[in-house]
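Descriptive analysis of the structure
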Amino acid sequence: MKRRRANTWDIRIASYLFLAGVGAGAFGSLALLDYLEGGKLHLPTSITALLSLLLIGIGTLLLVSDLGKPLRFWRVLLNPMSSMLSVGAWILILFALTMLGYLGFGGPVFSLGGVVFAIATAGYTGILLGVIKARPFWNSPALPLLFVTSAFSTGIAVVTVLASALVIYGLDAQSSHLLSQVDLCLIVAELAIIGLYLTIMNNSAAPAARSVEMLLRGKQANTFWGGLIFAGLVVPLVLALASSEGVTNLLSSILVLIGGFSLRYTFLAAGTRALLPGEPAEASYL
Amino acid sequence: MTRLALVIDLNKCILCHACTVSCKIHHDLPLGQFWNEVFTVGPSGEFPHTSLYGFPKACMQCDKPACVSVCPARATEKDKETGVVKIYEDKCVGCRSCIVACPYGARAFDETKGTTFKCELCPERREQGKQPICVETCVGGARVFGDIDDPNSEAYKIVHEKHAVRYLEHLGTEPCTSYVPA
């Protein structure tokens with residue numbers, strides 16, 4: 001029997017999780033650097049704030065357009081404590097306001113506040129999925145950790161793209177080098193977290209093990225191995241170790257972004273639930 | 001407290017799908033969407049000791065519904081008077097968090113209306129003193145509807161006398177719909 005695909009969360013939600021992560025990671029990493037350097041990086045941090053606002057704006061538009069009743073989005077804001085989704089909507093607003101505050105006034109309060117809200121924004125996208133008990137593959141504190149790691153890694157990648165595409169960006173060579181070193185560490189950390197995550201999930205409840213199966217050998221295997229592991233993590237790692245030239249850096253950054261999207265897409269799609277007696281397995285996927 | 005729910009005797013289901021069909025017709029559900037579905041379990045075992053039975057999936061009308069705690073619009077709740085998990089069409093934003101969060105896959109999305117819908121045990125029929133449509137059309141008498149907290153109801157008696165079981169209880173949703181094992 002041919003079944004219609006379940007009307008749940010699809011590529012638009014995955015794109016939103018990705019864009020919110022990139023926006024948060026980009027501003028978060030530059031704001032931290034600016035704070036540590038005593039405000040010397042105000043120009044590049046401001047340009048990054050504009051880009052992050054744009055990315056988060058696009059993500060939010062995707063999120064609202066995904067609603068069955070987009071014009072009722074205000075109900076989500078009016079019930080702030082109702083659910084993780086509402087809390088997240090407010091975190092996004094506060095993050096955007098912090099960035100606007102930085103653009104208007106600069107200074108350590110807004111740069112440090114930006115770092116806090118960047119981590120909150122990137123982390124909540126993982127908690128949003130993590131609190132859904134019906135899908136055990138997501139029920140791990142390592143999921144927000146993984147999403148935060150990926151957010152900062154992809155954020156630095158987009159900063160690298162900006163730095164090579166925009167002459168006026170004004171990020172000094174030393175800071176730029178420091179960021180690529182950090183990104184290298186984040187890529188290694190992300191590989192390690194994914195490895196540990198899948199090992200533990202593979203040995204837990206049946207639905208989680210089915211999710212791992214789906215990533216490693218099933219429907220999501222091409223995107224997981226090709227997009228996330230190979231293109232998104234291993235190749236950028238090898239490139240970064242081989243050379244730190246501008247062109248390699250740029251290529252590696254673009255690959256990291258592909259990996260960041262693949263991470264959100266595959267982890268979202270792999271969240272399966274337990275089956276009732278006789279229930280066809282495909283009904284349990286998103 | 002009143003908790004209206006179904007008790008389904010898996011020994012009496014003949015896999016005719018009348019409950020699914022009558023539910024879809026009565027509530028005018030869109031193509032591909034169901035509030036109740038009958039899964040075929042088996043055939044299993046080796047001849048001549050084989051078995052095959054139906055598992056009618058329904059909303060479990062949970063006491064601690066996973067779908068309610070993820071709703072960002074407060075559009076769904078466990079009704080205190082009847083124990084039915086209700087959804088308010090005029091409040092639903094159509095984010096489908098509840099569909100993702102329900103461990104039983106009991107909720108459905110109406111693309112044309114843009115909102116989520118679920119089984120509320122036919123409130124419009126209950127108002128007229130009738131049974132939910134799936135119960136009325138069940139030819140095998142497998143579905144019994146009633147207050148599982150009222151010792152005088154048939155549903156209560158079946159739950160207790162036939163040791164009805166509930167599914168996926170480890171998730172903590174405290175489902176009310178129960179099944180007499182096959």
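We now turn to the structure provided with this report. (Residues numbered from 1 in each chain as written. Chains lettered and ligands numbered in written order. Predicted model: local features only at pLDDT ≥ 70, side-chain atom pairs only at ≥ 80, totals over all residues. Heavy atoms only, no water.)

Topic: the overall build of chain B
Heads up, the condition is: Helix and strand assignments follow DSSP, with helices taken as H or I runs no shorter than four residues and strands as E runs no shorter than two, numbered in order from the N terminus. Relative accessibility thresholds used throughout: buried, under 20% of the residue-type maximum; exposed, over 50%; partly exposed, between the two (1.4 Å probe, protein chains only). Throughout, a residue-residue contact means that at least one pair of heavy atoms, one from each residue, lies within 4.5 Å. Accessible surface area values rest on a Shrake-Rupley calculation with a 1.4 Å probe, where residue burial reflects the displayed protein chains alone. Counted charges follow a simple rule, with Lys and Arg positive, Asp and Glu negative, and His plus the chain ends left uncounted. All charge positions are set by atom: Lys at NZ, Arg at CZ, Asp at CG, Glu at CD.
Each helix and strand counted, chain B has 6 helices and 9 strands in total. Its C-alpha atoms put chain B at 55 × 35 × 35 Å along the principal axes. Within chain B, the fraction of its 182 residues that count as buried is 56%. A fraction of 56% describes how many contacts in chain B between residues 6 or more apart in sequence connect residues 24 or more apart. Entry remark: accessible area of chain B is about 8300 Å², with carbon and sulfur atoms responsible for 53%. Side-chain charges in chain B split into 21 positive and 23 negative, and the spacing between the mean points of these groups amounts to 2 Å.

Looking at the interface of chain A and chain B
Threshold: Two parts placed together each lose some accessible area; with a 1.4 Å probe, that loss summed over both constitutes the buried area. Salt bridge, as used here, is a side-chain nitrogen of Lys or Arg placed within 4 Å of a carboxyl oxygen of Asp or Glu.
At the junction of the two partners, chain A supplies 31 residues and chain B supplies 40 residues. Carbon and sulfur atoms make up 56% of the surface buried where chain A meets chain B, a total of about 3000 Å² over both sides. Taken together, the connections running from chain A to chain B amount to 1 salt bridge. Across the pair B:Arg96 and A:Asp66 runs a salt bridge whose closest N-O atoms are separated by 3.0 Å. If you list the elements that add at least two residues to the side of chain A that touches chain B, you get α3 (74-78) and α4 (84-105) of chain A.

Points about the side chain of B:Asn36
Residues and elements named next belong to chain B. Note the cut-off: Pairs of N or O atoms within 3.5 Å make up the polar contacts considered here, provided that, within protein, one atom can donate a hydrogen while the other can accept it, and that residues adjacent in sequence are counted only when both atoms are side-chain atoms.
With respect to the helices and strands, the residue asparagine 36 is situated in the loop between α1 (18-27) and β2 (37-44). Looking at asparagine 36, its side chain comes within polar contact range of the main-chain oxygen of cysteine 19, at 3.5 Å. When sequence neighbours within four positions are dropped, the list of residues in contact with asparagine 36 reads Cys19, Thr20, Cys23, Lys57, Ala58, Cys134 and Arg143.

Quick look at the nonpolar core
In globular proteins that are soluble, nonpolar side chains generally tend to be buried together. We apply this condition: Buried Ala, Val, Leu, Ile, Met, Phe, Trp, Tyr and Cys residues that are joined via side-chain atoms within 4.5 Å together make up what is termed a nonpolar core.
A:Phe137, A:Trp138, A:Ile194, A:Leu198, A:Phe267 and A:Leu268 are the most contacted members of the largest nonpolar core, which has 86 residues in total. Residue contacts for A:Ile194: discarding those within four places in its chain leaves A:Leu146, A:Phe224, A:Leu228, A:Ile229, A:Leu233 and A:Leu263. Listed in part, the 36 residues of the second largest apolar core include A:Ala274, B:Phe55, B:Ala58 and B:Cys138.

Details of the packing of helix α9 (residues 221-242) of chain A against helix α10 (residues 246-269) of chain A
A pair of packed helices can be characterised by two numbers: the angle between their axes and the separation between those axes. All names here are of chain A. Here is the rule we go by: Axes, fitted as lines to C-alpha atoms, cover a helix only where it is in contact. Angles between the N-to-C directions of the axes lie from 0 to 180 degrees. By definition in this entry, angles of less than 35 degrees are roughly parallel, angles greater than 145 are roughly antiparallel, angles of 65 to 115 are roughly perpendicular, and the rest are oblique. Handedness of a crossing is defined here by the sense of rotation of the near helix relative to the far one, left-handed for an anticlockwise turn of less than a right angle and right-handed for a clockwise turn. In this classification, the charged set is Asp, Glu, Lys and Arg, the nonpolar set is Ala, Val, Leu, Ile, Met, Phe, Trp, Tyr, Cys and Pro, and all remaining amino acids, among them Gly, are polar.
The N-to-C vectors of α9 and α10 enclose an angle of 150°; their axes lie 8 Å apart at closest approach. Considering their axes alone, α9 and α10 lie roughly antiparallel with respect to each other. For the pair α9 and α10, the crossing hand works out as left-handed. Packed against α9, whose contacting residues are Thr223, Phe224, Gly227, Leu228, Ala231, Gly232, Val235, Pro236 and Leu239, the element α10 presents Thr248, Leu251, Ser252, Leu255, Val256, Ile258, Gly259, Ser262, Leu263, Tyr265, Thr266 and Phe267 at the interface. Here the contact of α9 with α10 is composed, by residue class, of 13 nonpolar, 8 polar and no charged.

Quick notes on the pattern of salt bridges
Residue and element names in this part refer to chain B. On inspection of all chains with the given rule, the structure shows 14 salt bridges over all chains. Glutamate 169 is paired through a salt bridge with arginine 166; the nearest N and O atoms lie 3.0 Å apart. Each of the salt bridges in this network shares a partner with another, and the network as a whole consists of Arg3, Asp63, Lys78 and Asp149.

Notes on α4(A)
Owing to its 3.6 residues per turn, the α-helix brings residues three or four apart onto one side. Defined as follows: Given the number of residues in a helix, its expected span is that number minus one, multiplied by 1.5 Å.
The terminal C-alpha atoms of α4(A), which comprises 22 residues, lie 31 Å apart, in line with the 32 Å expected from a rise of 1.5 Å per residue. Inspection of α4(A) places A:Leu85, A:Ser86, A:Gly88, A:Ala89, A:Ile91, A:Leu92, A:Phe95, A:Thr98, A:Met99, A:Gly101 and A:Tyr102 among the buried residues, and these make up the whole buried set. In this structure, the buried side of α4(A) is in contact with α1 (11-36), α2 (42-66), α3 and α5 (107-130) of chain A together with α3 (97-101) of chain B. Positive phi shows up at A:Gly106, right after α4(A), with a value of about 65°.

Remarks on the layout of surface pockets
Residue and element names in this part refer to chain A. Definition in use: Cavity means a closed set of points on a 1 Å grid over the protein atoms alone, one where a 1.4 Å probe fits but cannot get out, pocket means an open set with protein on both sides within 12 Å along at least 5 of 7 lines, and lining means a residue has an atom within 4 Å of a point. Grid points are joined across faces, edges and corners, and a volume is the space filled by probe spheres set on the points.
Reported here for the second largest pocket is a volume of approximately 440 Å³. For the lining of the second largest pocket, the secondary structure elements donating two or more residues are α1, α2, α3, α4 and α5. Looking at the lining of the second largest pocket, the element that brings in the most residues is α2, giving 6 residues. Split by residue class, the lining of the second largest pocket holds 20 nonpolar, 1 polar and 1 charged.

Scope: geometric values only; no functional claims are made or implied.
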